[in-house]
Amino acid sequence: DLRRALLSFGRDLPVDAVHIDGAVLRVHRDQHGNIDVADVLRRLPPLNPQDLRGAVLSAFTVEHAQVRIVDERVAGAPEVVIDDLHIATRGPVALGAPLSAMASASWRDNERPATAEVYVDHVPEDLVLWPPPAARVHLSLPNTELRSAILWLGLPALFASGEVDV
């Protein structure tokens, strides 16, 4: 509401939707497993959930973004670049409410993008986002080499080698 923002001299700026275009996120994991982005999230000052009580974001979208990942735990691992990242919520976003989102991205010149559908039972009302809240995820990783994916995710080696192509 522009009128409300002007009359409050900019102290009351309602946000209906958030759209991010062309962002780049660099992620680095050191030999000890520390992830720099997680360290930053843990150090952020706490937000006051009361400030957002009752607020509803009609949409959250990210378009044409990029994630650049370096993992020192994987010997000789080059930087992995995830390109053309798109994220969009399906429906409104509010504290305590369910959240559904869809993401797609590509890497290694794949013809088919990787996709993820994420369902969170409720957005944490206390705004604690790390570690992430419990969620259900449906993931499609076409033409992905399993060994590096397993190492990055820290999963037990269930398969010696292979590729995912779904």
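Here the residue numbers are simple positions, counted from 1 along each chain's written sequence. Given that this is a predicted model, residues contribute local features only at a pLDDT of at least 70 and side-chain atom pairs are listed and counted only at 80 or more, while totals for whole chains, interfaces and linings are drawn from all residues. To get the side-chain values, take all heavy atoms of the structure and skip hydrogens and water.

As for the nonpolar core
So, step 1. In this structure, Val-27, Val-62, Ala-65, Val-67, Ile-69, Ile-82, Leu-85 and Ala-105 together form the largest nonpolar core, which totals eight residues.
So, step 2. Elements represented by at least two residues in this core include exactly strand E3 (59-71) and strand E4 (80-89).
So, step 3. Elements are defined by DSSP. Helices are runs of H or I of four residues or more, strands are runs of E of two residues or more, and each kind is numbered from the N terminus. Top element by residues in this core is E3. It accounts for four residues. To define a nonpolar core, start from buried Ala, Val, Leu, Ile, Met, Phe, Trp, Tyr and Cys residues and group those joined through side-chain atoms within 4.5 Å. Here's how the labels work: a residue is buried when its accessible area is under 20% of the maximum for its type, exposed when over 50%, partly exposed in between, all with a 1.4 Å probe on protein chains only.

Remarks on the environment of Pro-98
So, step 1. Secondary-structure assignment places Pro-98 in the loop between E4 and strand E5 (99-106).
So, step 2. For the pair formed by Pro-98 and Pro-124, sequence separation is 26 residues and the distance between their alpha carbons is 9.6 Å.
So, step 3. A contact between two residues is defined here by any heavy atoms of the two lying within 4.5 Å. Excluding residues that lie within four positions of it along the chain, Pro-98 makes contacts with Pro-92, Val-120, Asp-121 and His-122.

Observations concerning unusual backbone geometry
So, step 1. Positive phi, close to 55°, is recorded for His-64, a residue that is not glycine.
So, step 2. With respect to the element layout, His-64 can be found in strand E3.
So, step 3. The class of His-64 is partly exposed, set by a relative accessible area of 48%.
So, step 4. Although it is not a glycine, Asp-84 sits at a positive phi angle of roughly 50°.
So, step 5. With respect to the helices, strands and loops of the structure, Asp-84 is situated in strand E4.

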